[in-house]
Amino acid sequence: MPWRLIGLIIIFGIFLLFIAFNLGNKCYISFGFYTTKSEVPVFLTAFSSFVLGMLCAAPFIISFRVKRKARGGKGEAAQKAKKKEGKGGETGAGAGGFPEGPYGVN
């Protein structure tokens, strides 16, 4: 069975437990200039806060990926840097006989 599916089922199970435990807990929501008249369940407040946070983070994630693709990706940048340094750099095979790779570890 795929591990992603199992992880998703576990996450939804945790969300379901959170909702079940907080059905009786209600709160008012204040927007600074307006306060809701009805009591809103706590889980709706928490989940809407998470969703708004993800929506605010989305432009940063998209711009980071666009910049990374414009540079040619991670692999090409690393290859260009390696060609510039030449063989036997600090992390290369000539530095104490250690194998190439990040921090001398493959």
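Residues numbered from 1 in each chain as written. Predicted model: local features only at pLDDT ≥ 70, side-chain atom pairs only at ≥ 80, totals over all residues. Heavy atoms only, no water.

**Some thoughts on the packing of aromatic side chains**
The final tally for this structure, using the stated rule, is 3 aromatic pairs. Judged by centre distance (5.8 Å) and plane angle (55 degrees), the rings of Phe-18 and Phe-47 are tilted. Note that Phe-18 is positioned in helix H1 (residues 3–21) and Phe-47 in helix H2 (residues 42–71), a separation of 29 residues in sequence. By relative accessible area, Phe-47 is classed as partly exposed at 23%. Ring-pair connections join several aromatic residues into one group, and the members of that group are Phe-12, Phe-15, Phe-18 and Phe-47. (Phe/Tyr/Trp six-rings, centres within 6.5 Å; stacked < 30°, edge-to-face > 60°. Helix = DSSP H or I, 4+ residues; strand = E, 2+ residues; numbered from the N terminus. Buried < 20%, exposed > 50% of the residue type's maximum accessible area, 1.4 Å probe, protein only.)

**Here's the deal with H2**
The terminal C-alpha atoms of H2 lie 44 Å apart, and with 30 residues this matches the ideal 44 Å at 1.5 Å per residue to within 8%. At Ala-57, H2 shows its largest bend, some 35 degrees, and a proline, Pro-59, comes one to four positions later. (Expected span 1.5 Å × (residues − 1). Bend = angle between axes of the 7 residues up to and from the residue.)

**Notes on the side chain of Thr-36**
Topologically, Thr-36 is positioned in the loop between strand E1 (26–27) and strand E2 (40–41). Polar contacts involving the side chain of Thr-36 include one to the main-chain carbonyl oxygen of Ser-38, which spans 3.3 Å. Those residues in contact with Thr-36 that lie beyond four places of it in its chain are Tyr-28, Ile-29 and Phe-31. (Polar contact = N/O pair within 3.5 Å; in protein donor to acceptor, adjacent residues only side chain to side chain. Contact = heavy atoms within 4.5 Å.)

**Comments concerning a positive patch on the surface**
There is a patch of like positive charges on the surface, built from Arg-65, Arg-68, Lys-69 and Arg-71. Looking at where Arg-71 falls in the secondary structure, it is placed in helix H2. Using a relative accessible area of 59% as the deciding quantity, one classes Arg-71 as exposed. (Patch = residues over 30% accessible without salt bridge, like charges linked within 9 Å, V, L, I, M, F, W, Y side chains within 5 Å. Areas by Shrake-Rupley, 256 points an atom, 1.4 Å probe, with all protein chains shown as cover. Salt bridge = Lys/Arg side-chain N within 4 Å of Asp/Glu carboxyl O. Lys, Arg positive; Asp, Glu negative; His and termini not counted. Charge placed at Lys NZ, Arg CZ, Asp CG, Glu CD.)

**Structural notes on the packing of H1 against H2**
Relative to each other, H1 and H2 sit at 140 degrees, their axes nearing to 8 Å. Considering the angle they form, H1 stands oblique to H2. Contacts from Phe-15, Phe-18 and Ile-19 in H1 reach Phe-43, Ala-46 and Phe-47 in H2. Residues of the contact of H1 with H2, tallied by class, amount to 6 nonpolar, no polar and no charged. (Axes fitted to C-alpha atoms, helices over the stretch in contact; angles between N-to-C directions. Parallel < 35°, antiparallel > 145°, perpendicular 65-115°, else oblique. Nonpolar A, V, L, I, M, F, W, Y, C, P; charged D, E, K, R; others polar.)

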